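Architecture at a glance
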Amino acid sequence: MFNLQSSVGTQSSNEQDREIFITTMHCWVFLLVICSCMIISSVANVDASDFRECPGGFWVLEVLCPNGIYNESYAQSTDLIGIRLGEECPEKEVCCTNITQLQKSVDRDSERTTVSNEWAMEYECGLNNPHGIGNQSKLDHTYAKSGEYPWVVLILQQGTMTTVCQGTLIHPRFVLTTAHHFEPNDSFVARFGEWAFNEEIKCFPKQNIDIENIIVHPKYNSKGLPNDIALARLKRNVLYDAHIRPICLPGPNDLFDGQQCTSAGWGRMQDLKFASVLKRVDLPVIPRQECKQLFARTILGPFFRLHESVLCAGAMKDQDMCDGDGGSGLFCPTESGSYVLAGIVSWGLGCHQQDVPGAYVNVAKFVPWIQSTINERV
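This text gives an overview of the structure that appears in the document. Predicted, not measured: the structure shown is a model, and the values here were computed from it.

Another point: the overall build of the protein chain. Regarding its fold elements, the protein chain presents 4 helices and 16 strands. Counting all 378 residues of the protein chain, 47% fall into the buried class. Within the protein chain, contacts between residues separated by at least 24 positions form 65% of all contacts whose residues are at least 6 apart in sequence.

To continue, consider the environment of Gly348. Examined against the element boundaries, Gly348 turns out to sit in strand E15 (residues 339-348). As a C-alpha pair, Gly348 and Met321 span 27 residues in sequence and 8.7 Å in three-dimensional space.

Turning our attention to helix H4 (residues 367-377). Along H4, the positions that sit buried rather than exposed are Val367, Trp369, Ile370, Thr373 and Ile374. Buried residues of H4, viewed axially, fall in a sector of 165 degrees; they line one side. When the buried face of H4 is taken as reference, the exposed residues oriented beyond 90 degrees from it are Asn375 and Glu376. Contact partners of the buried residues in H4: strand E6 (163-171), strand E7 (174-177), strand E9 (207-216) and strand E10 (230-234).

Looking at the secondary structure, you find Thr168 in strand E6. Not counting the four nearest positions on each side in its chain, Thr168 is found in contact with Trp151, Val153, Phe174, Val175, Leu176, Ile247, Gly327, Gly329 and Leu341.

What follows is about the state of the cysteines. The full count for this structure, using the stated rule, is 4 disulfides. What pairs with Cys261 in a disulfide is Cys332, and their sulfur atoms sit 1.9 Å apart. Since a negative S-S torsion denotes a left-handed disulfide, the Cys261-Cys332 link at about 100 degrees is right-handed. Here Cys261 is found in strand E11 (residues 260-265), whereas its partner Cys332 is found in strand E14 (residues 329-333), with 71 residues between them in sequence.

Using the criterion set out here, one finds 7 salt bridges in the structure. Where Arg280 meets Asp282, a salt bridge forms, and the shortest distance between an N and an O atom there is 2.4 Å. In this pair, the class of Arg280 matches that of Asp282, namely buried.

Moving on, we get to the packing of aromatic side chains. With the rule as written, the count across this model stands at 11 aromatic pairs. Through successive ring pairs, a cluster of aromatic residues spans Tyr149, Trp151, Phe331 and Tyr339.

Turning next to the side chain of Thr177. Structurally, the position occupied by Thr177 is in strand E7. For Thr177, a relative accessible area of 0% gives the class buried. A polar contact is formed between the side chain of Thr177 and the backbone oxygen of Gln166, at a distance of 2.8 Å.

Here we come to helix H3 (residues 288-296). Buried within H3 are the following residues: Cys291, Leu294 and Phe295. The buried residues of H3 occupy an angular sector of 95 degrees when the element is viewed end-on, so they sit on one face.

So, on to unusual backbone geometry. Positive phi outside glycine occurs at Leu225, with the angle close to 60 degrees. Within the secondary structure layout, Leu225 lies in the loop between E9 and E10.

Backbone hydrogen bonds are what pair the strands of a sheet, in a parallel or an antiparallel way. Read around the closed barrel, 6 strands run E11-E12-E13-E16-E15-E14, paired in antiparallel fashion. With direction set aside, neighbouring strand axes in the sheet form an average angle of 45 degrees.

In spatial order, the strands read E5-E6-E7-E10-E9-E8; together these 6 strands close into a barrel with antiparallel pairing. Put simply, the sheet's adjacent strands are angled 40 degrees from each other on average, direction ignored. As judged from the 4 bridges shared by strand E8 (residues 188-192) and E9, these two strands associate in the antiparallel manner. Considered in E9, the bridge of Ala190 is made with Ile209. Contacting E6, E7, E9 and E10, H4 runs over the sheet at an angle of about 25 degrees to E10.

What counts as what
Every chain is numbered on its own, with residues counted from 1 as its sequence reads. A pLDDT threshold of at least 70 governs which residues receive local features in this predicted model, and a stricter bar of 80 or more applies before side-chain atom pairs are shown or counted, although totals over entire chains, interfaces and linings include all residues. Side-chain numbers come from the whole structure's heavy atoms, not from hydrogens or water. Each helix is a run of H or I in the DSSP string that is no shorter than four residues. Each strand is a run of E no shorter than two, and both are numbered from the N terminus. Partly exposed describes any residue whose relative accessible area lies between the buried limit of under 20% and the exposed limit of over 50%, with all areas from a 1.4 Å probe on protein chains only and scaled to the type maximum. Contacts between residues were defined by any pair of non-hydrogen atoms, one from each residue, lying within 4.5 Å. The arc in question is the one traced by the directions running from the helix axis out to the C-beta atoms. Whenever a pair of cysteine sulfur atoms sits within 2.5 Å, that pair is classed as a disulfide. The salt bridge definition used is simple: a Lys or Arg side-chain nitrogen within 4 Å of an Asp or Glu carboxyl oxygen. The rule is short: rings of Phe, Tyr and Trp, with Trp giving its six-membered ring, pair when the centres are within 6.5 Å, and they are stacked under 30 degrees, edge-to-face over 60, tilted in between. Any N or O atom pair separated by 3.5 Å or less is treated as a polar contact, with the protein-specific requirement of one donor-capable and one acceptor-capable atom, and with residues adjacent in sequence counted only for side-chain atom pairs. Pairing between strands is defined by DSSP: at least two bridges between the two strands are required. Interaxial angle, 0 to 180 degrees, is taken between N-to-C directions of lines fitted to C-alpha atoms, where a helix line uses only the stretch in contact.

This is how it looks when you write it as structure tokens:
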């Protein structure tokens, strides 16, 4: 009798323990369901406004958009990449851009010319980094952000590594610049990814590449500087990256009259000191007839003839490119938000003067020569 009661007591105790265990498990499952619903709800309620925009898409962690190639297994709706980093190189963020949407944007700019290259799909021409990349110093609008204009090139004297001029990247093997800065027997180096002379952003290193030769336009003349354009052919291809990318060429018949465009370089500032951080200047393109009239009122006199290879911009007090900016590009935005190279800083009459334009090479006039030269020598 004693043993039977003991057995019954043990069985009752086991049943109570089992009920407690089952009740506890139910509570945990209920809490898990509640948490899961909250997570799903929070994810489902995220919209585009919760992300930072970039050209044609949004910044996301690289793991969500690897290699910039769209793949449904990553639950992403976007693809092309452009790296953006915060301080001390944390997890990379990439600009995910839907390739179909980007193609539509390109189609709207049918006159835009891309010099074909094997990286065209990965690094579309003319896309800048409007918010900059890497560590951003607190600079005013006078200066470009780090990596903002990834096509800007600094050209240096080989050996001394002193500044010669600037240029613009249009192809992994070619930089477009002015002709008047180069002597036949000198050697030069092109530096890509430069921004501030006294700063090095480790996440985005500079690339120094020797220039193999300078191809000057056959009709260039040092007297008066007509056709002041040249192609610098590199000894090897530059490696494209988030902060090193090409700009698009315009169509051969493109006009930019009245457009607000931008130029960037390390020339003299308003205080006449040379910039150590890449400066930027917003300039209106001046219609040709108006430009002739403005130059006629200067020391050039009423009989001055504006060469057909010249495009005019600026003529605004304290808004001008200056000494040391030669070879810098003048780039204009398109409807899709990308940029084309409209001009190249060539010459001027002083700096920062009201109603005195700056003279730029009209790049559109030279597109056939640029393309044929590259095709012959690539």
